[in-house]
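# A structural walkthrough
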Amino acid sequence: MPEADPNRPSAGRFGSRAALVTGAAGGIGLAVARRLAAEGASVLMTDIDAGRLDAAADALRQAGATVAVVAADLAARAERERLVPAALDRWGRLDILVNNAAFQGERRPLAEVPDEEIEKVLAVNVTAAASLARAATGPMRGQGGGAIVNVGSIQADLPVPSYAAYVASKGAVAALTRALAVELAPAGIRVNTVLPGVIATDNFTRELDESGTDRRDRPLTAALLGRLGDAAEVAAAVAFLASGEASFITGAALPVDGGRSISRRADPFQLSFGDRTEPGNTE
């Protein structure tokens, strides 16, 4: 039996719904915005890169999507506090929040990472997610419910050396998801997370090219399915968790990793980027 196409939306699942998607100028965030809009949602897209955000939104509008944009630096409290009110001003409701935006910082041993970088990683990946969830709770409660989907990472359980702050932040996102699921269930607000594995986004490809890796020589993933994931596949999982089809699911963590988290294969991802476990080692 052939697999379902992750790019094929389920028509009308989100008709009359409004969504806020962070980190939506590219990669997984753009794929999520595209998927939700294709299924009928009105989507407020936000990203720190205003130029890329406008270009992405224009492309979606040309495809018939109902989207709006607000450029914002999620590390700045005043900027992130504008987002939920912007969605409410535009559409009068907010049904879906997707906390996708993430800042990884520079890949290097923790001994070389300044406090300012650690603080920014946590501000974007954790504080902003909690802040937006808090802001979305009021309108969702008033509507009788809603869905929050956080984008975590399998790195919370399978850390890549030299990304300690990022890994810690994704562990915090997983804990935040469970805490909010418990707290918000009485209000009919479901909170779940997806855990992407190695996904072939533009950022991943760019980092790989900068590493000098010859992609012809070795595979890039230890996933059981033997390939990189696609952003559309993560978006399909997000859309499912945000939809009524997941109405009895909350506090869950859904891996979208091709089986990487249960694979015993050697990890070519780490080999591709070299061993940076020791300070000063960038080879």
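Residues numbered from 1 in each chain as written. Predicted model: local features only at pLDDT ≥ 70, side-chain atom pairs only at ≥ 80, totals over all residues. Heavy atoms only, no water.

## Some details on the side chain of threonine 177
By the element assignment, threonine 177 lies in helix α6 (residues 164–184). Threonine 177 has contacts with Asn150, Val191, Asn192, Thr193 and Ala252, leaving out every residue within four places of it along the chain. (Helix = DSSP H or I, 4+ residues; strand = E, 2+ residues; numbered from the N terminus. Contact = heavy atoms within 4.5 Å.)

## Details of the packing of aromatic side chains
Within this structure, the stated rule accounts for 1 aromatic pair. When the ring centre of tyrosine 163 is taken as reference, the NZ or CZ atom of arginine 107 above it lies at 5.7 Å. Directly above the aromatic system of phenylalanine 103 lies the positively charged group of lysine 120, at a separation of 4.5 Å from the ring centroid. (Phe/Tyr/Trp six-rings, centres within 6.5 Å; stacked < 30°, edge-to-face > 60°. Lys NZ or Arg CZ within 6 Å of the ring centre and 35° of its normal.)

## Observations regarding the packing of helix α1 (residues 27–38) against helix α8 (residues 231–242)
Put simply, α1 and α8 touch, their axes get as near as 8 Å, and they point 55° apart. Relative to α8, the element α1 is oriented oblique. Between α1 and α8 lies a crossing whose hand is right-handed. Between α1 and α8, the contacting residues are Gly27, Ile28, Ala31, Val32, Arg35 and Leu36 on the first element and Ala231, Ala232, Val234, Ala235, Ala236, Val238 and Ala239 on the second. Grouping the amino acids of the contact of α1 with α8 by side-chain chemistry returns 11 nonpolar, 1 polar and 1 charged. (Axes fitted to C-alpha atoms, helices over the stretch in contact; angles between N-to-C directions. Parallel < 35°, antiparallel > 145°, perpendicular 65-115°, else oblique. Left-handed = near helix turned anticlockwise from the far one by under 90°. Nonpolar A, V, L, I, M, F, W, Y, C, P; charged D, E, K, R; others polar.)

## Quick notes on unusual backbone geometry
As a rule of thumb, non-glycine residues mostly have phi less than zero, and peptide bonds are mostly trans rather than cis. The residue serine 16 is not glycine, and still its phi comes out positive at about 70°. Relative to the elements of secondary structure, serine 16 occurs in the segment before β1 (18–22). Taking the relative accessible area as the measure of exposure, serine 16 reaches 62% and is therefore exposed. In this structure, serine 162 is a non-glycine residue whose phi angle is positive, near 80°. Relative to the helices and strands, serine 162 resides in the loop between β5 (146–151) and α6. Judged by relative accessible area, serine 162 falls into the buried class, the value being 11%. (Buried < 20%, exposed > 50% of the residue type's maximum accessible area, 1.4 Å probe, protein only.)

## Regarding the sheet that holds strand β7 (residues 253–256)
Strand order in the open sheet made by the 7 strands is β3-β2-β1-β4-β5-β6-β7, with parallel pairing throughout. Lying at the two open borders of the sheet, with one neighbouring strand each, are β3 (66–71) and β7. Each neighbouring strand pair of the sheet contributes to a mean axis angle of 20°, computed without reference to strand direction. Alignment of strand β4 (residues 96–99) against β5, held across 4 bridges, turns out to be parallel. Residue pairing in the sheet places asparagine 99 in a bridge with asparagine 150 of β5. (Pairing = 2+ DSSP bridges.)

## Concerning the confidence of the model for the chain
For the chain, the mean per-residue pLDDT works out to 89, and 84% of the residues sit at or above 70. This stretch, residues 278–283, has a pLDDT under 50; its non-local contacts, to residues over four places away or in other chains, come to 10 contacts. (pLDDT = per-residue confidence, 0-100.)

## Brief notes about the pattern of salt bridges
Under the counting rule described, the total for this entry stands at 7 salt bridges. Between arginine 13 and glutamate 245 there is a salt bridge; the shortest N-O distance is 3.3 Å. Remark: glutamate 245 occurs in the loop between α8 and β7 and arginine 13 occurs in the segment before β1; sequence separation between them is 232 residues. Residue arginine 13 is classed as buried on the basis of its relative accessible area, which comes to 18%. With a closest N to O distance of 2.7 Å, aspartate 95 and arginine 93 form a salt bridge. (Salt bridge = Lys/Arg side-chain N within 4 Å of Asp/Glu carboxyl O.)

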